[in-house]
Amino acid sequence: MARAHVCASLLGLGLMLAASSTDARELEFFIENRLGGDSNVFRRSEESTGDLRPKAGGVWEISPRLTLRDDRDELEYDFRYQPTYERFFAVEDSGDEGDFSGFDHTASAEYLWRVSPAASIGANGRFSRQRRPREGFLDLGPVTAPPLEQTDDEYVQRSDGRLFVSYALSPRFSLQGNYSFDDLDVSPQNQSDTRSHTFSTGVLYAIGERTQVGVNASYRDRETRASVDPDGDPSTGFPLDPTLALREFRSETQTFDVSFSISHEVTRRVAMEIAVGPSSFDTRDEDSLGNVSFSNDDSFFAVVRATYAWRFGGVEVGYTRSEGGGGGAAAASSILDSVTASLRWTPQRLWVVRLRGTYTHRESVASDAFFGRDTRSDLIAASANVQRRLTEELSLIANFRYSRSTLDEFTPFVPVSGGFLANVSRRARNENIQGFISVRYTFDPYVF
């Protein structure tokens, strides 16, 4: 697939450039063995009944990771790949746990080239193909958009990438240019797949040694697609007509926004960043029956972040309002409001404690083609991770995660014999508790 090829190409480019460097590079490998439990193996909603209700089970995982990095000269890079084999056992009311065991994959790449003291070029990317959310496997934090709570062993594939250029005209004044893309591919056809391309440019000006202000303008083009299958599961209680063809919904949203930013280092330990600005959306919707409609909307985007660092750790809190892809039955662009808080604490040399909490509200941009109805979802997630290094190579890790999501979803008119079904909507609530103990063995890095 194209999105996988982009990330693979980025990794390949970095490896090729790394091979040409004459300075030392580091190749690191570790393998992690996990054993734990999951309260909702299939991520099914609380409204599910019968054989489709939520089921608890045990989980065994083995997850190696390969890392190649170098950060000691004008060419910096960090490439990581981590597959995970997951095996379920003792699943509630299930006699064949092996049917839904399998592999998940995550990969990331970061690259920075300091062309001169005034100019730099960089790129980064991430790819994941997984059935269940996995926080922190690559130690890069979660993606901007909240994870979809996958169900029934179906994959969600995500990829995103960014290319940026920075040039300093003077010690205080600099220019920046960015191109980025993101792609979401969901297995169920009635969930919207989405792909976007974003172009942005901006200027930054330093006011003194601790304060920086800036202006940034961006344009984004997002395409989404979803389908309604008349031969699907009639869970709504209405008889669908299997003689009718699949109905597809397509949407293209163009977003324009301008943001004004200020960042300030309050003290040596405390820093703050604020960026806010207006945004406008223009959307064209179309279905396979030839119906076309247009709509527009206005909103604002914002980023507010504060960090505090001390000798034994750091705290970060933030709020983000951004545009994102769909994910429900309505193929539409979405507005995401997210609040996060994280803590990293090293009470002793051999101990590391990580805590993280997130609340995200996702609301689709109103669309005439989908009859002006919105898709809304809320996600609350909290995780705790404690790591104890037993030796230089061996570590013991305990991890706990709780999440609860609510999805209010309106399904577009469903074609049936003699007409359409209107006002087909549903609410799905999903709660999940995960916990595991793992042993990680890190081999001595290979320096070359």
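Everything numeric in this text was worked out from a predicted model, so none of it was measured.

About the criteria used
- Residues numbered from 1 in each chain as written.
- Predicted model: local features only at pLDDT ≥ 70, side-chain atom pairs only at ≥ 80, totals over all residues.
- Heavy atoms only, no water.
- Phe/Tyr/Trp six-rings, centres within 6.5 Å; stacked < 30°, edge-to-face > 60°.
- Helix = DSSP H or I, 4+ residues; strand = E, 2+ residues; numbered from the N terminus.
- Buried < 20%, exposed > 50% of the residue type's maximum accessible area, 1.4 Å probe, protein only.
- Lys NZ or Arg CZ within 6 Å of the ring centre and 35° of its normal.
- Pairing = 2+ DSSP bridges.

**Student:** Is there a simple way to think about the packing of aromatic side chains in this case?
**Tutor:** In this description, a pair of aromatic rings is defined by centroid distance and the angle of the planes. Applying the stated criterion across every chain yields a total of ten aromatic pairs. Considering the side-chain rings of Phe29 and Phe443, the 5.5 Å spacing of their centres and the 35 degrees angle between planes classify their relative orientation as tilted. Of the two residues, Phe29 sits in strand β1 (residues 26-38) while Phe443 sits in the loop between β20 (424-442) and β21 (446-447), which places them 414 residues apart along the sequence. Aromatic pair Trp60 and Tyr85: ring centres 6.2 Å apart, planes at 70 degrees, arrangement edge-to-face. Linking Trp60 in strand β2 (residues 57-70) with Tyr85 in strand β3 (residues 75-89), this pair joins segments that are 25 residues apart in sequence. With relative accessibility at 23%, the residue Tyr85 sits in the partly exposed group. Taken together through their ring pairs, the aromatic side chains of Phe29, Tyr441 and Phe443 make up a single cluster. One Lys or Arg, Arg321, reaches over the ring of Phe300 and ends 4.5 Å from the middle of that ring. For the cation-ring pair, Arg440 lies above Phe30, with the distance from its terminal atom to the ring centre recorded as 4.3 Å.

**Student:** Explain the pairing of strand β14 (residues 334-345) to me, please; I cannot follow it from the model alone.
**Tutor:** Along any regular strand the residues' side chains alternate between the sheet's two faces. Two elements, strand β13 (residues 313-324) and β14, share twelve bridges in a ladder whose sense is antiparallel. Looking at β14, one finds that Tyr319 is bridged to Val339. Examined bridge by bridge, β14 and strand β15 (residues 351-364) share twelve bridges and lie antiparallel to one another. By the bridge assignment for β15, Ser334 is matched with Ser364. Hairpin connection from β14 to β15: five residues lie between these consecutive antiparallel strands.

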